[in-house]
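Below, each chain spelled out in residue letters.
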Amino acid sequence: MLHYSSILKSVVEGPQHAITAILGGAVFMALGCTSASVGIFSLFTIGSLFWSPFVSIGLAPFTLYTYYLYVTERGFIAFMRKQVPMLVMMLIGFLPLVLYTLGSSATQMDSNRFFTHTTASYPILLYGLFIVVSAGIWILFFRKRLFELDAAMVCISYGTLSVLALFQIGYFNDLNNRASVPALFIIGISIIYLILKSSFSRPVNHLLLAGLAFWLLNTASIFTYLYQTFITVNKAPENTISNPYIVIPIMTIMIIWKFYIL
C-alpha cells in the first residue's frame, strides 16, 4: 500500500485526476499561501470534486493553511463575517456532489485500511523508510535550499504526503495515487527551480550535483514506462482493452502522435 505513481503515469491512466491536480498545484504556487488566496483556494479545492474527490483531498491542506493565515492576520470575527458565508454558499452548491461521493461504495471497500492493518512485522519502520526514500531524500540532497521557492508550500506538501501514506483507499490505493499529485508536483517544481538557479552558480555544489544525478536516474522509469506502453504493446498475442494488439504501421503513427502530445 506504500507507493506513489509518477505524475506521467497518472496523466496516462487518469488524466481527469492528474490534470486537475497539476492545475491546482500550479495555481496554488502562482498565488502562494496567503490570506488573500482564501477564496480562490477554496473554490478550486471544492470545484475539483467534479473531476476527482481525491484531488480535492490533496489540495485541502493548502486551503486550510490559508484559513489559518486569514484568522491569524485578520481575526476570527473577520473570517466569520467575510469567508464563512462564501464557504457555506459553495458547499450548498456542491452538496449533491459531496453527498454522492460520501454515499459511494468506494468509501466502504474491504481494501480500505490504515497503515498498521498489514501483515508486515514492522509497519512503523516501513512507513518511515517509505517517507524518507520517496520524498525525504530530496531534503538530504538539497537541504534548506529546497524551500527557497516557497517554504510553506513545500512544508505542506511533505506533511500531506506523510499523512496520505497512513491510509489506503481504493483497490489500487487510489487515494495515494491521486491525492499525492499536487504535493509531488510542487516538490518537483521546487527541485527544477533549484537546479536551474544553481546551474549558473560558482563554486559547484557537489551535493547538488549528486541530487541532480539522482533526479535524472529517477527519469529512467518514465522512459521505461513510455517504451513499455507505446513500443512493446504491439507484441501482445491478444487484443484487449488493457493489452491491445495493433499492427505496426498504425502503432508507429500512434507513437509519433502520443510523443508529440506529451
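Read on for a plain summary of the structure. All values derive from a computational prediction rather than experimental measurement. (Residues numbered from 1 in each chain as written. Predicted model: local features only at pLDDT ≥ 70, side-chain atom pairs only at ≥ 80, totals over all residues. Heavy atoms only, no water.)

Comments concerning the overall build of the protein
The number of helices and strands found in the protein is twelve helices and two strands. Counting helices and strands in the order they occur from the N terminus, the protein gives α-α-α-α-α-β-α-α-β-α-α-α-α-α. For the protein, the proportion of its 262 residues judged to be buried stands at 38%. For the protein, the proportion of contacts with a sequence separation of at least 24, taken over those separated by at least 6, is 69%. By element, 72% of the accessible surface of the protein is carried by carbon and sulfur atoms, the whole surface being about 15300 Å². (Helix = DSSP H or I, 4+ residues; strand = E, 2+ residues; numbered from the N terminus. Buried < 20%, exposed > 50% of the residue type's maximum accessible area, 1.4 Å probe, protein only. Contact = heavy atoms within 4.5 Å. Areas by Shrake-Rupley, 256 points an atom, 1.4 Å probe, with all protein chains shown as cover.)

Re the pattern of salt bridges
A complete count under the given rule lists one salt bridge for this structure. Notably, a salt bridge pairs E148 with R145, separated by 3.4 Å at the nearest N-O pair. (Salt bridge = Lys/Arg side-chain N within 4 Å of Asp/Glu carboxyl O.)

Here's the deal with the packing of aromatic side chains
Applying the stated rule across the entire model yields nine aromatic pairs. Note on W138 and F141: the rings are 6.5 Å apart at their centroids and 50 degrees apart in plane angle, and the pair reads as tilted. With a gap of three residues between them, W138 and F141 both fall in helix 6 (residues 123-142), about one helical turn apart. As far as the burial class goes, W138 and F141 line up, both buried. Connected via pairs of aromatic rings, a cluster forms that spans F28, F41, F44 and F62. (Phe/Tyr/Trp six-rings, centres within 6.5 Å; stacked < 30°, edge-to-face > 60°.)

Regarding the side chain of S157
With respect to the secondary-structure elements, S157 resides in helix 7 (residues 151-164). Among the polar contacts made by the side chain of S157, one reaches the main-chain carbonyl oxygen of M153 at a distance of 2.7 Å. (Polar contact = N/O pair within 3.5 Å; in protein donor to acceptor, adjacent residues only side chain to side chain.)

Things to note about the nonpolar core
Core analysis: the largest hydrophobic core is formed by 21 residues, its most contacted members being W138, F142, L146, Y158 and I191. When neighbours within four sequence positions are excluded, I191 is seen to be in contact with W138, F142, L146 and W215. Of all hydrophobic cores here, the second largest spans 13 residues; its members include A21, F41, V55 and M153. (Core = buried A, V, L, I, M, F, W, Y, C linked by side-chain atoms within 4.5 Å.)

Quick notes on the side chain of T20
As for its placement among the helices and strands, T20 is situated in helix 2 (residues 15-31). T20 has contacts with P15, F44, S48, W51 and V55, leaving out every residue within four places of it along the chain.

A short note on helix 9 (residues 181-198)
Counted at 1.5 Å a residue, the expected span for helix 9 with its 18 residues is 26 Å, and the 25 Å between its end C-alpha atoms agrees. Restricting attention to buried positions, one finds in helix 9 the residues V181, P182, A183, F185, I186, I187, S190, I191, L194, I195 and S198. (Expected span 1.5 Å × (residues − 1).)

Let's talk about the packing of helix 2 against helix 4 (residues 53-74)
To describe two helices that pack against each other, one gives the angle between their axes and the distance between the axes. It is the contact of helix 2 with helix 4, at a shortest axis distance of 10 Å, that shows an interaxial angle of 10 degrees. With respect to helix 4, the element helix 2 is oriented roughly parallel. Touching H17, T20, A21, G24, G25 and F28 of helix 2 are V55, L59, F62 and T63, all from helix 4. Here the contact of helix 2 with helix 4 is built from residues that sort into five nonpolar, five polar and no charged. (Axes fitted to C-alpha atoms, helices over the stretch in contact; angles between N-to-C directions. Parallel < 35°, antiparallel > 145°, perpendicular 65-115°, else oblique. Nonpolar A, V, L, I, M, F, W, Y, C, P; charged D, E, K, R; others polar.)

Digging into the environment of V11
As for its position among the elements, V11 is in helix 1 (residues 7-13). Distance from V11 to I22, taken between C-alpha atoms, is 9.5 Å for residues eleven residues apart in sequence. Apart from residues lying up to four places away in sequence, V11 is in contact with A18 and I22.

A few points about a nonpolar patch on the surface
Among the surface-exposed residues, L149, I189, I192, Y193 and L196 lie close enough to one another that they form a single nonpolar patch of about 390 Å² accessible area. Residue position: I189 is located in helix 9. I189 gets classed as partly exposed once you look at its relative accessible area, which sits at 31%. (Patch = residues over 30% accessible without salt bridge, like charges linked within 9 Å, V, L, I, M, F, W, Y side chains within 5 Å.)

Looking at the environment of L209
Checked against the element boundaries, L209 lands in helix 10 (residues 206-218). Among the residues examined, L209 registers a relative accessible area of 43% and is labelled partly exposed. Taking the C-alpha atoms as reference points, L209 and F142, separated by 67 residues in sequence, lie 9.6 Å from one another.

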